[in-house]
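This is what each chain is made of:
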Amino acid sequence: EDQVTQSPEALRLQEGESSSLNCSYTVSGLRGLFWYRQDPGKGPEFLFTLYSAGEEKEKERLKATLTKKESFLHITAPKPEDSATYLCAVHRYSSASKIIFGSGTRLSIRP
Amino acid sequence: DVKVTQSSRYLVKRTGEKVFLECVQDMDHENMFWYRQDPGLGLRLIYFSYDVKMKEKGDIPEGYSVSREKKERFSLILESASTNQTSMYLCASRPGTVGWSALVSEKLFFGSGTQLSVL
């Protein structure tokens, strides 16, 4: 069965303390893996798409990487404004609509 | 920038009422989605539409229906609201997958969500 698991559920860091969020997936035929950021009371906002193992993408303090079984979202020297829930989602080849979301990691950065 | 607009930010309804949630996108996207988001469960797909008047059931369609009479508008209907339909509802859109774009995965553009409470 297709599945996306994110860990940890919640992460509290001090400003400047780097860390990584994990997204493990099992899906038959990965078409793309997405990372989204969601602020409280708002819809998810797109960050990255990764297509194949070994691919990496960066945006400011965030870097996303992909292997055949998992993806990491590395956050380097985070700031309080990076506090949000980070969602991982996978899209498989067999269906235009089948995008499976993980339940997210709530990231909190203390000043 | 693509804009996906959901008509209500907060909605309070009574059990048994018929509820309409409206979503409009301004980028001529073929695909539109309705998700619900509950704590610990992530986003779950209710319905998907890949073209005007075309729809496909998602993972949790029971108790819901949809309407897509125009390309830019996708409506979610709760036929008879129940307390277990209290949730955050998110609408999303993206371009259709034709030709080269069928080989890549297009990102979703989300609305701000509607927090529905059914009492």
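Figured I'd write up the structure that's included with this text. (Residues numbered from 1 in each chain as written. Chains lettered and ligands numbered in written order. Predicted model: local features only at pLDDT ≥ 70, side-chain atom pairs only at ≥ 80, totals over all residues. Heavy atoms only, no water.)

### A few points about the overall build of chain B
Helix and strand counts for chain B come out as zero helices and 11 strands. Taking 2.2 N^0.38 as the reference for a compact globule, 119 residues should give roughly 14 Å; the C-alpha atoms of chain B span a radius of gyration of 14 Å, in line with that estimate. Considered along the principal axes of its C-alpha atoms, chain B spans approximately 45 × 30 × 25 Å. A buried classification covers 47% of the 119 residues belonging to chain B. (Helix = DSSP H or I, 4+ residues; strand = E, 2+ residues; numbered from the N terminus. Rg over C-alpha atoms; globule rule 2.2 N^0.38 Å. Buried < 20%, exposed > 50% of the residue type's maximum accessible area, 1.4 Å probe, protein only.)

### A short note on the environment of A:L73
All names here are of chain A. With respect to the secondary-structure elements, L73 resides in strand β8 (residues 70–75). Taking the C-alpha atoms as reference points, L73 and F34, 39 residues apart in sequence, are found 11 Å from one another. Ignoring any residue separated from it by four or fewer positions in sequence, one finds L73 in contact with S19, S20, L21, W35, F48, L62, K63, A64 and Y86. (Contact = heavy atoms within 4.5 Å.)

### Digging into the sheet that holds β8(A)
Residue and element names in this part refer to chain A. Taken in spatial order, the five strands of this open sheet run β1-β3-β8-β7-β6, and their pairing is antiparallel. Each of the sheet's edge strands pairs with one partner strand only, and the pair in question is β1 (3–7) and β6 (56–59). Each neighbouring strand pair of the sheet contributes to a mean axis angle of 15°, computed without reference to strand direction. Both β1 and strand β3 (residues 19–26) contribute to a ladder of five bridges, which runs antiparallel. Residue S7 lies in a different strand from β3, and its bridge partner there is N22. (Pairing = 2+ DSSP bridges. Axes fitted to C-alpha atoms, helices over the stretch in contact; angles between N-to-C directions.)

### Topic: the pattern of salt bridges
Residues and elements named next belong to chain B. Evaluation of the coordinates by the stated rule reveals 11 salt bridges over all chains. Notably, a salt bridge pairs D28 with K71, separated by 3.2 Å at the nearest N-O pair. With D28 in the loop between β3 (19–25) and β4 (31–38) and K71 in the loop between β7 (64–70) and β8 (73–78), this pair connects stretches of sequence that are 43 residues apart. Since its relative accessible area comes to 52%, D28 is described here as exposed. With its nearest N and O atoms 2.8 Å apart, the salt bridge here joins D38 to R36. Take D38: its relative accessible area is 12%, and that puts it in the buried class. (Salt bridge = Lys/Arg side-chain N within 4 Å of Asp/Glu carboxyl O.)

### Overview of the interface of chain A and chain B
At the interface, 23 residues of chain A touch 27 residues of chain B. Interface area for chain A against chain B, summed over the two sides, is near 1800 Å², with a carbon-plus-sulfur share of 52%. Where chain A packs against chain B, one counts zero salt bridges. Taken together, chain A and chain B are joined by three residue pairs in polar contact (both at pLDDT 80 or more). Going through the elements one at a time, β4 (30–38), β5 (45–50), β9 (84–92) and β10 (99–101) of chain A are the ones with two or more residues in the side of chain A that touches chain B. Sort the elements by how many residues they give to the side of chain A that touches chain B and β4(A) lands first, with five residues. (Buried area = accessible area lost by both parts, 1.4 Å probe. Polar contact = N/O pair within 3.5 Å; in protein donor to acceptor, adjacent residues only side chain to side chain.)

### A look at the packing of aromatic side chains
To describe a pair of aromatic rings, one takes the distance between the centres and the angle between the planes. Under the defined criterion, the tally for this structure stands at 11 aromatic pairs over all chains. A centroid spacing of 5.4 Å and a plane angle of 80° characterise the contact between A:F101 and B:Y35, whose relative ring orientation is edge-to-face. On the criterion of chain membership, the pair formed by A:F101 in strand β10 and B:Y35 in strand β4 is interchain, its members lying in two chains. Given the relative accessible area of 6%, A:F101 is considered buried. On the numbers, 6.0 Å between centres and 40° between planes, the contact of B:F48 with B:Y50 is tilted. Ring pairs connect the aromatic residues A:F34, A:Y36, A:F46, A:F101, B:F33, B:Y35, B:F48, B:Y50 and B:F110, which therefore count as one cluster. Across from the ring centre of B:Y10, 5.0 Å away, lies the NZ or CZ of B:R9, which sits over that ring. (Phe/Tyr/Trp six-rings, centres within 6.5 Å; stacked < 30°, edge-to-face > 60°. Lys NZ or Arg CZ within 6 Å of the ring centre and 35° of its normal.)

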